[in-house]
Amino acid sequence: MKRRIFSGIQPTGKLHIGNYLGAIKNWIDLQDDYDCIWGIVDFHSMTVPYDHEGMSSRVLDCAATYLAAGLDPEKCELMIQSRVKEHTELTWILNTVTPISWLERVPTYKDKSKRFSDNVNMGLMDYPVLMAADIILYKAEAVPVGEDQLPHLELTREIVRRFNSTFGDTFPEPKEIVSEGALVRGLDGQAKMSKSLNNCIYIDETPEDIWKKLSTAVTDPQRVRKTDPGDPKVCNIFSLHQLFSSKEDIGYCEHGCKTAGIGCIECKKILAENIAKELAPIREKKTELLHNVDYIKDVLNSGIKYSKKIASKTIEEVYQKIGTTYPFLK
Ligand code: TYM
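Residues numbered from 1 in each chain as written. Predicted model: local features only at pLDDT ≥ 70, side-chain atom pairs only at ≥ 80, totals over all residues. Heavy atoms only, no water.

Examining the site of the ligand
Contacts to the ligand come from 27 residues, most closely from Q10, Y127, D134, D148 and V184. Note that an oxygen atom of the ligand is positioned 2.8 Å from one of the side-chain N or O atoms of Q10. Within the side chain of D148, a nitrogen or oxygen atom sits 2.4 Å from an oxygen atom of the ligand. Here the ligand loses 96% of its free accessible area of 710 Å² to cover by the protein chains. Considered class by class, the residues forming the shell around the ligand number 13 nonpolar, 11 polar and 3 charged. (Near = heavy atom within 4 Å. Polar contact = N/O pair within 3.5 Å; in protein donor to acceptor, adjacent residues only side chain to side chain. Areas by Shrake-Rupley, 256 points an atom, 1.4 Å probe, with all protein chains shown as cover. Nonpolar A, V, L, I, M, F, W, Y, C, P; charged D, E, K, R; others polar.)

Take a look at the structure:
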């Protein structure tokens, strides 16, 4: 039997190359060897202000991107979190073993409660518990994610330990699987690439738009003139080369930058071409898929059915453990 893994992305907008390199690309590599469930975690995306009218099209866009990037429904399951009600049911139960102090120290909570200070809702604080429920509902043994999710996974393990020690061994402690592109910085060269920071290259961006965005992206700040040698180690464009370019192009740009043999514009042009080359087939496939919504619907319905089967079994076991089966009702 294959070991099970779970991961998910919030449908807060179009997916970007951080999501692609930090998550989806890794998921594609793992789909042959594991029993994989990939979620579109819509309930998570409600914890900050969001456009409710656009939710349906964002979820559809996310599913189309998953498929276009290469997730194969013959090998893995795609599902929507809100369609498997056991996610929220298990969240409630896990809430009762999760001290509030654990949630207050979560970095994303601290960050988002500052950024969205007029909407610090219970969901924002409870977000990591819902994420723990997403994972352990399927008894997933591992979770492929980018680096920003590691504190959430640590908390998941703490919740698992607390649950198991209170009610008896039920859940495995999930491990992380971190990809090569575990932390992609945005075009500002500083912060993590993130939809909410407007510093992204989206997966379905056209070659023209990729170039437009890269042409103004931040490079080594010390390199002012083309004749100044640069330091690839501090340049975000060079980090992106390492994720998208061939060994030859990486070597050429590294040497050219260090010796002032090439300027940032040439280096960016090479990168733009390489990114466009990798993303073009995904963009084309996505457009094609969005013309066949029935296919996407079938894939999701089948993934939801698969997920529900596992989820209801886990919840039944949890009910046994926590004492809420009530034999007198039978
Ligand atoms: P989300 O939607 O912010 O991101 C989805 C995935 O993309 C990765 N990622 C990045 N990786 C590298 N560089 C970046 N700039 C970058 N931006 C995003 C994230 O690490 C993540 O793997 N809490 C999760 C969603 C979630 C989840 C789960 C994940 C809910 N339930 C259960 C795993 C398992 C989140 O906000 O991801």
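Things to note about the packing of aromatic side chains
Summed over the entire model, instances satisfying the criterion amount to 6 aromatic pairs. Between F6 and Y138, the ring centres sit 5.5 Å apart and the planes meet at 10°, which makes this aromatic pair stacked. Placement of F6 in strand 1 (residues 4–9) and of Y138 in the loop between helix 6 (122–136) and strand 4 (142–145) is noted, with a sequence separation of 132 residues between them. Relative accessible area serves as the criterion here: at 3%, F6 is assigned to the buried category. With a relative accessible area of 0%, Y138 lands in the buried category. Clustering of aromatic rings is evident, with ring pairs tying together W27, W38 and Y66. (Phe/Tyr/Trp six-rings, centres within 6.5 Å; stacked < 30°, edge-to-face > 60°. Helix = DSSP H or I, 4+ residues; strand = E, 2+ residues; numbered from the N terminus. Buried < 20%, exposed > 50% of the residue type's maximum accessible area, 1.4 Å probe, protein only.)

Re the pairing of strand 3 (residues 76–80)
Across the 5 residues of strand 3, 5 count as buried, placing the element largely inside the fold. The side-chain alternation of strand 3 yields two buried faces, one formed by C76, L78 and I80 and the other by E77 and M79. In this structure, strand 2 (residues 35–40) lies alongside strand 3, joined through 5 bridges in parallel fashion. Of the residues in strand 3, the one forming a bridge with C36 is C76. Following the chain from strand 2 across helix 2 (residues 55–69) to the adjacent parallel strand 3, one finds a crossover that is right-handed. (Pairing = 2+ DSSP bridges. Right-handed = clockwise from strand over helix to strand, strands pointing away.)

Concerning the environment of S302
Tracing the backbone through its elements, the reader meets S302 in helix 12 (residues 293–322). C-alpha of S302 to C-alpha of G186: the two residues are 116 residues apart in sequence and 35 Å apart in space.

A look at empty space enclosed by the protein
Applying the stated criterion across every chain, the model contains 2 cavities of 30 Å³ or more. Of all the secondary-structure elements, those providing two or more residues to the lining of the largest cavity are helix 9 (236–244) and helix 11 (264–290). Partitioning the lining of the largest cavity into residue classes produces 8 nonpolar, 2 polar and 2 charged. Within this model, the second largest cavity holds a volume of roughly 40 Å³. (1 Å grid on protein atoms, 1.4 Å probe; cavity = no way out; pocket = protein on both sides within 12 Å on 5 of 7 lines; lining within 4 Å. Points joined across faces, edges and corners; volume = space filled by probe spheres on them.)

Focus on the pairing of strand 1
Most of strand 1 is tucked away: 5 of the 6 residues are buried. With 6 bridges connecting them, strand 1 and strand 2 associate as parallel partners. Considered in strand 2, the bridge of S7 is made with W38.

Here we look at the pattern of salt bridges
Taken as a whole and assessed by the stated rule, the structure comprises 24 salt bridges. Between E317 and K139 there is a salt bridge whose closest N-O contact spans 2.6 Å. With E317 in helix 12 and K139 in the loop between helix 6 and strand 4, the pair connects residues that are 178 residues apart, well separated along the chain. A relative accessible area of 26% places E317 in the partly exposed class. Note on K139: relative accessible area 26%, which makes it partly exposed. Residues K212 and D209 are paired through a salt bridge, measuring 3.7 Å at the closest nitrogen-oxygen approach. (Salt bridge = Lys/Arg side-chain N within 4 Å of Asp/Glu carboxyl O.)

Side note on the domain arrangement of the protein chain
The domain boundaries assigned to the protein chain delineate domain 1 (4–184 + 293–322) and domain 2 (207–286). Taking only C-alpha atoms into account, the centre of domain 1 sits 33 Å from that of domain 2. In this complex, domain 1 contributes 13 residues to the contact, which on the side of domain 2 involves 9 residues. Across the interface of domain 1 and domain 2, roughly 940 Å² is buried in total on both sides, 71% from carbon and sulfur atoms. Per-residue buried area on domain 1 facing domain 2 is highest for I17, Y20 and A68; these three make up 44% of the total on that side. Ionic pairing is found between K25 and E278, a salt bridge with its closest N-O pair at 3.0 Å. Summed over the shared surface of domain 1 and domain 2, the number is 3 residue pairs in polar contact (both at pLDDT 80 or more). (Domains from an automatic or database assignment. Contact = heavy atoms within 4.5 Å. Buried area = accessible area lost by both parts, 1.4 Å probe.)

Thoughts on unusual backbone geometry
Residue A260 is not a glycine yet carries a positive backbone phi of 60°. Mapped onto the fold, A260 is located in the loop between helix 10 (247–258) and helix 11. A positive phi angle, near 50°, is found at Y326, a position not held by glycine. With respect to the helices and strands, Y326 occurs in the segment after helix 12.

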